[in-house]
Each structure stands twice: as C-alpha cells, then as structure tokens.
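Close look at the chain arrangement
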Amino acid sequence: MKMRFETRAIHVGEEPNLQPGGSGDVVVPIHLASTFARRETDKPTSGYEYSRTANPTRAALEKRLAALEDAKFALAFASGMAAETVLLLTLLKPGDHVILSDDLYGGTKRLCHHVFQENFKIGFSHVDLSRPEDIRDAIKRNTKLIWIETPTNPLMKICDIKAVSKIARKKSVLVVVDNTFMTPYFQQPLKLGADVVVHSTTKYLNGHSDSVGGCIILSSEEIHEKLRFNQNALGAILSPFDSYLVLRGVKTLAVRMEKHNKNAMTISSFLEKSRKVKKVLYPGLENHPQHELAKKQASGFGGMISFEVYGGLRGARRFLESLKIFSLAESLGGVESLAEHPASMTHSSIPKKERERIGISDSLIRLSVGIEDIADLKEDIHHALGRL
Ligand SMILES: *Cc1c(COP(=O)(O)O)cnc(C)c1O
C-alpha cells in the first residue's frame, strides 16, 4: 500500500514484528549492541555484523528518511557536517571543481575552503544561485557538483532547483540540495531533478534541539553503494540513541512544519509593519523578489525569517538581548523560538568585507520561529523592538 507523507513519517521503518518470537513493539528498540552473533562463519545470520557497518535502529531511521524524500536510499551520520564530508569525499577527487551558492551555511563554506580546497586541491566557486543564467557560465570542464541551499542562509534567496538541475544534467554535473530549511514536508528536490539531498537532522527533522545528526538521501544505486562503503570506512555514523530520537521527532514533522510556517507568516507580516524594521526577508511575503518561485517549488515557506533593524550593530544587539521567549542561540528548527546575529554568530567566520558584499549586514537578525503561542511570540518581538 502506497502511504501518504504523514503516514510514512510515522510508520515506515517501524512496522511491528508479529512473527513468532517477535515482540510486536510499535516503536523500534534502541539496539545498543556493537556486534551481532551469527551461526556460520561465512554469512551474518541476522543480516547484521558490526554496528558501524549497520545497526537495526539506524536502519529503521534510514528507511524512514528515504521514504520522506520519496527516495530509494538514505544514510544517517553523526552530524550534518559528517554527512557533507562523506558525500564530498565520495563524489570528488583532486582537481575537481564545485559550484556553491554565494550565501550558504557557514560550516559548509569552512569545510569546502579549509579542508577540501587547502588539503585536497578541489576548486570552489561561489555563484548567486538565485540567477540560474549565471550558472551556465560558471560551469567549467572539471565541474562535478553544484551545491544548492534554498532558501539560502541567512539571506533567504530562492534557487530554482528545476532550472539548475536541467542545466547541470546537460553538462553531466551532479546537483546536491541541502534541504535542511524546508524539509521534505515542504520541498522535495529529487522530484525537481536534483541527484542528492542532504540534511542536518539536528534541525527540523529531529525538531527538539536534543540531537546532532545528518543524512544523505538519494535514489542512484551506484552512488548509494559508494556512500554505503564510505559510511562504514570513515565511521561517522549516527548512534542508536540519536537514531531513536530522530525516528521519534520526525513523526510530528508535518504538524510542526505547518505551525512553524503559520507562525513565521504572522511574525514576518508583523515585522514588516514596524517602523523599527528596515527590511524583512521571508519567501512567504508577497514582496519577496522570488515569492512566485518559492510558491511554485515548495508547498510552504518554512519557519526561518531574516530582517534588518534600524540602528546598526547596536540596534541589533539591543533587540536580541531584550528578547524573553526567543532564546539568543545558534541553530534552528526546534519547537522553541531562537534568534541570532549572523554577523557575530553563525556567519562570523566570513570576513567582514565579504559578509557585507553578499548582504549580511551588522543589523541583520535571523529568527527560527518556533511553535509556541503566536500571541506570546508577537508580544516578545513587540517588546524587544520597543527597546530600540
Ligand atoms: C546546521 C546546518 C548544517 C550542519 O549540520 P550539523 O548537524 O550542525 O553538523 C548544514 N546545513 C545547514 C543548512 C544547517 O542549518
């Protein structure tokens, strides 16, 4: 039976075992064993040998994650960065070239430039991926990969996944989409032509700010086999306990995303009306330059908002330090609301001149709007803006 999204999010990978001797648990146990006994030397009796290679709790999560993106395969890692590392090590070799968006997760930028470029001689170009026409010119003979985040972090620019994938396919370049912000509930990049999806499960997929993890999701059997080999060879796997937490968290993904989206819609319109706010970046607003594209390629706009206040760095600090319900913290995607200052927190590793060139000003604030009562969130923001 082909299940729909919300049913898959709850059931795939956790089918109760009603065979003789099966316990019938409706929740997959946390299998802590590091090794699995067998009857014969030449094959593992249960299918499992050693927990780094494969573990039943992690396998249940991997099955669930693949089902959410309607893909054939998923692999779970110890963090989003571990997933990205294994993916890049699997797909690239020295001398290759990669196109990245000009505005992307700071950790990805650091990994690419300070590890893969410095140590492994891989070239990276940054392109404004909200303009697909610029991508054609940026593709070189040795380009292997285009890495998309959409919406981008923190400037909320939208990249047309379908248009970029079409250009890439013609040149035999692979397209990877970091789908952390939208989640498969709102956006399914593989259906739009991308080859591989990555997530930091730390964010919306787990959704409760109590686990760090990552995953790679894809349908290519050939790439999956190499990734599976490297997941075991490199060893940066997600633990059984974290696998359990994500399996549990993801069951409520649909209801959480609906509420994140609804709350963020209200907060962004509220911010737009304030005299203290210079600019609001949220794809759900009609005046977002790519609102139509956002509506076309995703079924929601998510819970992330960036905005600029008047008053520069001092104004931004005063706002952030006056919040009472929003915690001043990095990260995103949990049920609780968070606020942060990209220039001095998540994006501080980018030199100031470069930050300003791409538009991350000192007065920019990023919100991860949680699922609390909207009246409380509005009051909190109203009060903090009043302190400016
Ligand atoms: C957090 C994040 C990552 C990195 O994931 P970790 O789990 O922190 O290693 C990658 N991409 C995006 C968009 C993120 O928000």
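Given the structure is predicted, the values throughout are model-derived calculations rather than measurements. (Residues numbered from 1 in each chain as written. Predicted model: local features only at pLDDT ≥ 70, side-chain atom pairs only at ≥ 80, totals over all residues. Heavy atoms only, no water.)

1. Details of the overall build of the chain
Going by this rule: Strands are runs of DSSP state E lasting at least 2 residues, helices are runs of H or I lasting at least 4, and numbering of each runs from the N terminus. We compute the radius of gyration from the C-alpha atoms alone; for a globule the expected value is 2.2 Å times N to the 0.38, where N is the number of residues. For every residue, the accessible area (1.4 Å probe, protein chains only) is compared with the maximum for its type, and the residue is labelled buried under 20%, exposed over 50%, or partly exposed between those bounds. Two residues qualify as a contact provided that any one of their heavy atoms is within 4.5 Å of a heavy atom in the partner residue. Values of accessible area rely on a 1.4 Å probe in the Shrake-Rupley scheme; residue burial ignores everything except the protein chains shown. Under this rule, positive means Lys or Arg and negative means Asp or Glu; His and the chain ends count for nothing. Where a charge lies is defined by one atom per residue type, namely NZ (Lys), CZ (Arg), CG (Asp) and CD (Glu).
Along the backbone of the chain there are 14 helices and 12 strands. The C-alpha radius of gyration computed for the chain amounts to 21 Å, which stays within 12% of the reference 21 Å derived for 388 residues, consistent with globular compactness. Dimensions of the chain along its principal axes, counting C-alpha atoms only, are 75 × 50 × 35 Å. Expressed as a percentage of the 388 residues in the chain, the buried residues total 55%. A separation threshold of at least 6 residues defines the contact pool for the chain, and within that pool the share at least 24 residues apart is 72%. Counting only carbon and sulfur atoms, one obtains 53% of the accessible surface of the chain, whose full area is about 17500 Å². Measuring between centres, the 53 positive side-chain charges of the chain sit 3 Å from its 45 negative side-chain charges.

2. Focus: the nonpolar core
We count it as follows: Nonpolar cores are built from buried Ala, Val, Leu, Ile, Met, Phe, Trp, Tyr and Cys residues. Side-chain atoms within 4.5 Å join them into one set. Domain start and stop points were drawn from an automatic or database domain assignment.
Counting 37 residues, the largest nonpolar core has L61, L65, Y185, I217 and L253 as its most contacted members. Within the residue set of this core, elements represented by two or more residues are α1 (5–11), α2 (56–68), β1 (73–77), α7 (183–186), β7 (214–218), α9 (240–249) and α10 (253–272). Looking at this core, the element that brings in the most residues is α2, giving five residues. Looking at which domains feed residues into this core, each of domain 1 (5–250) and domain 2 (253–386) supplies at least three. When residues no more than four places from it in sequence are discounted, the contact partners of L253 are F5, T183, Y185, Y204 and L205.

3. Brief notes about the site of the ligand
Put simply, the rule reads: Being near a molecule or strand, for a residue, means having at least one of its heavy atoms within 4 Å of it. Two N or O atoms count as a polar contact when they lie within 3.5 Å, although within protein this holds only if one can serve as hydrogen donor and the other as acceptor, and sequence-adjacent residues are included solely when both atoms are side-chain atoms.
Around the ligand, a shell composed of S79, G80, M81, E84, Y105, D178, T180, S200, T202, K203, G213 and L332 is seen. G80 has a polar backbone atom sitting 2.9 Å from an oxygen atom of the ligand. In the environment of the ligand, an oxygen atom lies 2.9 Å from a nitrogen or oxygen atom belonging to the backbone of M81. Summarising the interface, the protein chains cover 92% of the accessible area of the ligand, which totals 380 Å² for the free molecule. Per-element tally for the shell around the ligand: the top contributor is helix α3 (residues 80–91), with three residues.

4. Comments concerning the environment of A343
Mapped onto the elements, A343 comes out in the loop between β11 (338–340) and α13 (352–358). What makes A343 buried here is its relative accessible area of 7%. Along the backbone, A343 and R136 are 207 residues apart, and their C-alpha atoms lie at a distance of 31 Å. If we skip the residues at most four places from it in the chain, A343 touches S348, R355, I360, S361 and D362.

5. A few points about the pairing of strand β2 (residues 97–101)
This is how the line gets drawn: For two strands to be treated as a pair, DSSP must find no fewer than two bridges joining them. A crossover gets the label right-handed when its path from the first strand over the helix to the second runs clockwise, viewed with the strands pointing away from the viewer.
Counting buried positions over the five residues of β2 gives five, a clear majority of the element. Going residue by residue along β2, you find H97, I99 and S101 tucked away on one face and V98 and L100 tucked away on the opposite face as well. Pairing geometry for β2 and strand β3 (residues 123–127), over five bridges, is parallel. The residue of β3 that forms the bridge with S101 is V127. What joins β2 to β3 is helix α4 (residues 106–120), and the crossover it makes is right-handed. In this structure, β2 lies alongside strand β4 (residues 143–149), joined through four bridges in parallel fashion. Bridging from a neighbouring strand, H97 pairs with T143 of β4.

6. Remarks on unusual backbone geometry
Each neighbour pair has its own omega, and for T150 with P151 the value is 0 degrees, a cis peptide bond. Following the sequence through the fold, P151 ends up in the loop between β4 and α6 (161–170). You will see that K121, though not glycine, has its phi angle at about 55 degrees, which is positive. Structurally, K121 is set in the loop between α4 and β3. The exposure class of K121 is exposed, given its relative accessible area of 58%. With a phi close to 55 degrees, S172 is a non-glycine residue in the positive phi region. In this structure S172 comes out as exposed when scored by relative accessible area, which is 64%.

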